[in-house]
Each structure stands twice: as C-alpha cells, then as structure tokens.
Amino acid sequence: MSEKIIIFDTTLRDGEQSPGASLNIKEKLEIGRQLAVLGVDAIEAGFPISSPGDFKAVQTVAREVKGPIICGLARSLEKDIDAAHNAVKYSRRPRIHVFLATSKIHMKYKLKKAEGEILRLAVSAVKYARKKCADIEFSPEDASRTEKSFLYKVVEAVIGAGATTVNIPDTVGYATPFEFGELIRGIKENVPNISRAVISVHCHNDLGLGVANSLAAVLNGARQVECTMNGLGERAGNASLEEIVMAIRTRTDIFRGMATGVHTRELCKTSKLVSKLTGMIVQPNKAIIGSNAFAHESGIHQDGVLKERITYEIMRPQDVGFEATRLVLGKHSGRHAFHERLKGMGYSLSEAQLEKAFDQFKVLADKKKEIFDEDLQTIVDEEIRKIPETFSLAHFYITSGDQIKPTANVRIKSHNKTLESTSSGDGPVDACYKAIDKITGMKGKLLDYQIRSVTSGKDALGEVSVKISSKKGVVSGRGASTDIIEASIKAYVNAMNRLARPKR
Ligand code: KIV
Ligand code: ZN
C-alpha cells in the first residue's frame, strides 16, 4: 500500500488571486467539476466573506461538485468562519480553512498584535470553527518567517483546539528547499501532538522554488500539498499541481512508497480549461503541460527519440494527456525526422527526391520558425509534380506605395541566360506579371488569382494559385513563399512553364 499524498487544489482561491484572473460562478463550477474528474482530494473554492459573488461560487461548488473535500477560506474572525461554513456546508465533505499570521513582521506591521494575543485568537477561531465543522485546517500565515519556537507553540495549540490539518505556508516564497524541509522536520519533532493532524504545505513561487520547497516538505513528513493548476496564484503564483504530481509519480525512487490520487491523463485538459477561463496563457516551455513539454526540434534529439523515446523523454506524453511526442521541424531538425514525417504523410519519394526536398526544407526553415505539414506538402508537391523549368525566377525588385506607381524589375533565367525587364502596373503583382510577359513573350490573361496562407503565424507560408489564358490555352500555376510577391511571381512563372511545354 502506498502512502497517500493529499492534493489540495487552491486554483479557485489562491489561483484566482492572480492579478487579472478572476472567475465568475459558472466558471468556478466548470473548473471545480474538472478538478473532481482530475481526482484532486480537496478543492479550495474561494474566500466566501470576500464578496457575495465568491460566497455564491463556493456554495455552488459545494452543492454541485461531488467527490473532493470542498473548502472555504476564513480569517480568524467569527463572521468569516460563519460565511465559510454557510458556503461549504452543502458539500458532503466540507472543510473550513482558518488562517492567522504568526511572523514578527506580520504581527507588528499588519496585525499590530503581540504573540500572546495571536495565540489566543488562533485557538478561539479554531474552536469556533470546529463547533460548526469536523474538518478544520489552520494556517499560520508567513510560517516560514515565523520564530520557530512560536510556530511550534501555535501549531500545538491549534491542534489542541481541534484543527485536523495544519498548513505551513511559505507565504512570500522566501524559503529554500533544504531550509523548508528542515522546518517541516522541526515541526514533526517538536510539536508533541503533531500525530493528531495532517501536515500540509502551501508554497509560493517568488524565487521559483514553490515546487522544490513543497517536495522537500513531502520528503520530511508533509502529507498534504496545496497547489494550483498552471502554478497560478498571488504574485509569482503557487507551486504547480502538475509538477508536484508528476515529480512524485516519475521519481518513485525518491518518493518511495508515495502516490497521489490524481488521474494524470486529465492534466492537459484541466490546464487548458483553467487557462481559457482565467485568461492566463501557459508559456510554451512550461513543465508538464506547456505546448513544448514533449516537443523536440534539434536533429540529435529527434534522432534519439525516433530510435528510443526514453533517450530524451522522462515521461510519456500520453500520461499527462498529450496525444504524442511532437517532432517539430525547424532549422535544427535532421534528415531522420524529415523522412519520418514525410512517410507519415503518405509520401514515398526516391532517395534523390528526398534529398532535394530536404535541401528545400532547410532553405525554408531558415526563413520560418516552424515547418508544418502543409509546408512540406507544398515543397514535395513541387518536387514530385515537377514540370520542365523553361523559366525560373532569378531576382525581383519592386517599388510600391500609396503615392507612387508600382514598378517591378524582374530577372528570369531561361536556357542558361538571365533575361530582365522592368514594368509598372496597377499594383506590385500586376507590375511583376507585365515584366514577365515582356521577358517570356507570352502574354497571359489572368483569369483567376488566389492567395492563401498554408500555415499560421506572421511567418506563414503563402501559396498563390493563378489561372491564365493565352493563345496556347488555359493553364494554372502555383507558387509558395513566405513573401507573397515572390509566391505570386513563382505561380505565374509556373504557369508560363506549362505554356512553354512542348505539345505532346
Ligand atoms: O499564502 C498564504 O499564506 C495563504 C494562506 C491563506 C494559506 O494563501
Ligand atoms: Zn497563498
């Protein structure tokens, strides 16, 4: 039997305290439902006294979300505890989370109270809450900056008063992992009645150590971790749920015999929902759930992953809810990944064709950050459906603007010669086409011109399709480039090559 690490999710309370991340009742309920599917043990749904809307939201989550404990936050004041109780009492598993600051800094500047008074208030708040609810959590706020002897005294007293969980917050993200682990060990060793309560931790990320501190605490006896999806929370946020859960699951050699009840395959979905509803975008390189967390671009890494995934992946993407490992084709990618992707797209090319397509891919990759399947399709289609190149673009130069007549200078290679012409037109494309007509001596009438972006983003590859008619008939042409004028010229030249093709 593994030892359970309780996952207490505070996305809807501390996470919602992220500047700009507030959620309405419907949104809290939607996230609460998904957190239950994810399998968290407790959901802190809000701070009921803080606003009528938050009270309603906590009440709604308590009524509707089945499975996890539903918790409401309260200061050590009777009116807060009453509000929290009235909001969570509809849950089958209600919890009231009472807090009071215990550090010298907070007691002196914020609360303006001495130790004795703080101790008395904490005990009476817990006793009051305990009369209303059997499950009481107490947090000595700013615990990591609290005098150790006073912290031990407070923790012992609140357990005596009925607290079932004592949560040790690193409120300002000041602690370091070794130090925080020692703090938890100190509590275990110096609080005589500690076995009557679960030790919880709540670490903020001001120094980027929220997860490391939480894990150090687990190794020293903490059995509940408070965390948020995507690491949301006050200032730099809280310890991120997905990182805590996957660290415990992946490093079973370190977290020996420990497990959470989280269904990790729901992580991505939950993360996306939280991001969508809070408007807090997840950075691509975010551990576990970032879009790049299982994406490889460099040729060496891609080659390794294709030979054996575990060379560069410590977790299976499917285990956190991604479909698969992503091999991103870009300028660092190598032949192995390129060939595999083409095979996957159903292309079977000869060695020579593959080599040529690979060279073109590298040229494009220098211009574009990421090469998508559509880009490859364009490259390969041009390679496979190759028609004799009577004409090819050597160079073009345009001047255009709203105050000058667009002019184009175009150079076309044909039979080892470079032919050049300059023309003006209604727009830069028209000017280029007129210059090309002069060079080729094949006047084409443009019947159709279409441009579409084959990939997304500012550096997207644009594909131009044209249909032109001439004395020789109607032909079409296609061209692609990150520059739409270049794509337009290539499409026209491609059509000209069809016109120049000897009749079969
Ligand atoms: O960071 C903190 O100390 C808190 C408490 C209310 C637990 O959020
Ligand atoms: Zn907090």
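Residues numbered from 1 in each chain as written. Chains lettered and ligands numbered in written order. Predicted model: local features only at pLDDT ≥ 70, side-chain atom pairs only at ≥ 80, totals over all residues. Heavy atoms only, no water.

1. Remarks on the domain arrangement of the chain
Move 1: If you check the domain split of the chain, you get domain 1 (3–278), domain 2 (295–384) and domain 3 (392–500).
Move 2: If you average the C-alpha positions of domain 1 and of domain 2, the two centres end up 44 Å apart.
Move 3: In this complex, domain 1 contributes seven residues to the contact, which on the side of domain 2 involves eight residues.
Move 4: Note on domain 1 versus domain 2: buried area summed over both sides is about 640 Å², and carbon and sulfur give 57% of it.
Move 5: In this structure, arginine 265 and aspartate 319 form a salt bridge, with 3.7 Å as the shortest nitrogen-oxygen distance.
Move 6: The interface formed by domain 1 and domain 2 contains four residue pairs in polar contact (both at pLDDT 80 or more).
Move 7: When contributions to the side of domain 1 that touches domain 2 are tallied by element, the ones reaching two or more residues are α9 (241–250) and α10 (267–278).
Move 8: Tallying contributions element by element places α9 first for the side of domain 1 that touches domain 2, with three residues.
Move 9: When grouped by side-chain class, the residues that make up the side of domain 1 that touches domain 2 number three nonpolar, two polar and two charged. (Domains from an automatic or database assignment. Contact = heavy atoms within 4.5 Å. Buried area = accessible area lost by both parts, 1.4 Å probe. Salt bridge = Lys/Arg side-chain N within 4 Å of Asp/Glu carboxyl O. Polar contact = N/O pair within 3.5 Å; in protein donor to acceptor, adjacent residues only side chain to side chain. Helix = DSSP H or I, 4+ residues; strand = E, 2+ residues; numbered from the N terminus. Nonpolar A, V, L, I, M, F, W, Y, C, P; charged D, E, K, R; others polar.)

2. Here's the deal with the site of ligand 1
Move 1: Ligand 1 sits among Arg13, Asp14, His97, Phe99, Ser139, Glu141, Asn167, Pro169, Thr171, His202 and His204.
Move 2: Here an oxygen atom of ligand 1 and a side-chain polar atom of arginine 13 are 2.9 Å apart.
Move 3: One nitrogen or oxygen atom from the side chain of aspartate 14 is found 3.1 Å from an oxygen atom belonging to ligand 1.
Move 4: Relative to its free-state accessible area of 260 Å², ligand 1 is covered by the protein chains to the extent of 93%. (Near = heavy atom within 4 Å. Areas by Shrake-Rupley, 256 points an atom, 1.4 Å probe, with all protein chains shown as cover.)

3. A few points about the nonpolar core
Move 1: In this structure, Ile96, Ile168, Ile187 and Leu267 are the most contacted members of the largest nonpolar core, which totals 89 residues.
Move 2: Three or more residues apiece are contributed to this core by two domains, here domain 1 (3–278) and domain 2 (295–384).
Move 3: Judged by nonpolar contacts, the second largest core, of 26 residues, contains Ile485, Ile489, Val493 and Leu499. (Core = buried A, V, L, I, M, F, W, Y, C linked by side-chain atoms within 4.5 Å. Buried < 20%, exposed > 50% of the residue type's maximum accessible area, 1.4 Å probe, protein only.)

4. Notes on the sheet that holds strand β9 (residues 224–227)
Move 1: Reading around the barrel, the eight strands line up as β2-β3-β4-β5-β6-β7-β8-β9 and close back on themselves, with parallel pairing between neighbours. Neighbour to neighbour, the strand axes of the sheet diverge by 25° on average, direction disregarded.
Move 2: Bridge count between strand β7 (residues 165–170) and strand β8 (residues 198–203): six bridges; the pairing is parallel. Its bridge partner being in β8, isoleucine 168 is matched across the sheet by valine 201.
Move 3: Sheet strands in contact with helix α6 (residues 148–161) are β6 (136–141) and β7, and its direction is about 150° off that of β7.
Move 4: In the packing of helix α8 (residues 210–219) onto the sheet, contacts are made with β7, β8 and β9, and the angle to β8 comes to roughly 165°. (Pairing = 2+ DSSP bridges. Axes fitted to C-alpha atoms, helices over the stretch in contact; angles between N-to-C directions.)

5. Section: the environment of glutamate 182
Move 1: Relative to the elements of secondary structure, glutamate 182 occurs in helix α7 (residues 177–190).
Move 2: Look at glutamate 182 and you get partly exposed, because its relative accessible area is 34%.
Move 3: Taking C-alpha positions, glutamate 182 is 17 Å from threonine 171, a pair spaced 11 residues apart along the chain.

6. So, the coordination of the zinc ion (ligand 2)
Move 1: Those donors, Asp14 (OD), His202 (NE2) and His204 (NE2), are the protein atoms that reach the zinc ion (ligand 2), and they lie 2.0 to 2.1 Å from it.
Move 2: Considered as a linear motif, the donors of the zinc ion (ligand 2) on their single chain read D-x187-H-x1-H. Side by side, histidine 202 and histidine 204 carry an identical accessibility label, which is buried. (Donors = N, O, S within 2.8 Å, 3.2 Å for Na, K, Ca; no water.)

7. Observations regarding the sheet that holds strand β16 (residues 445–453)
Move 1: The sheet built from three strands is open, its strands ordered β16-β17-β18 with antiparallel pairing. Strands at the two margins of the open sheet, each flanked by one partner only, are β16 and β18 (473–481). Across the sheet, the mean angle from the axis of one strand to that of its neighbour is 15°, orientation sign disregarded.
Move 2: Bridge count between β16 and strand β17 (residues 462–470): eight bridges; the pairing is antiparallel. Paired with aspartate 448 across the strands is lysine 467, a residue of β17.
Move 3: Seen against the sheet, helix α16 (residues 484–500) touches β16, β17 and β18 and runs at an angle of roughly 145° to β18.

8. Considerations on the packing of helix α3 (residues 78–88) against helix α5 (residues 115–132)
If you want to describe how two helices pack, look at the angle between their axes and the distance between the axes.
Move 1: Packing of α3 against α5 leaves a shortest axis separation of 10 Å and a crossing angle of 25°. In terms of orientation, α3 lies roughly parallel with respect to α5. Crossing of α3 against α5: the hand is right-handed. Across the interface between the two elements, Glu78, Ile81, Asp82 and His85 of α3 pack against Ala125, Tyr128, Ala129 and Lys132 of α5.
Move 2: Per-class residue counts for the contact of α3 with α5 are four nonpolar, one polar and three charged. (Parallel < 35°, antiparallel > 145°, perpendicular 65-115°, else oblique. Left-handed = near helix turned anticlockwise from the far one by under 90°.)

9. Comments concerning the packing of aromatic side chains
Move 1: Throughout the structure, instances matching the rule amount to six aromatic pairs.
Move 2: Ring centres 6.3 Å apart and planes at 65° place the aromatic pair phenylalanine 47 and phenylalanine 99 in the edge-to-face group. Here phenylalanine 99 lies in strand β5 (residues 94–101) and phenylalanine 47 lies in the loop between β3 (42–46) and α2 (52–64), a separation of 52 residues in the sequence. This pair shows no difference in class: phenylalanine 47 is buried, exactly as phenylalanine 99 is. (Phe/Tyr/Trp six-rings, centres within 6.5 Å; stacked < 30°, edge-to-face > 60°.)

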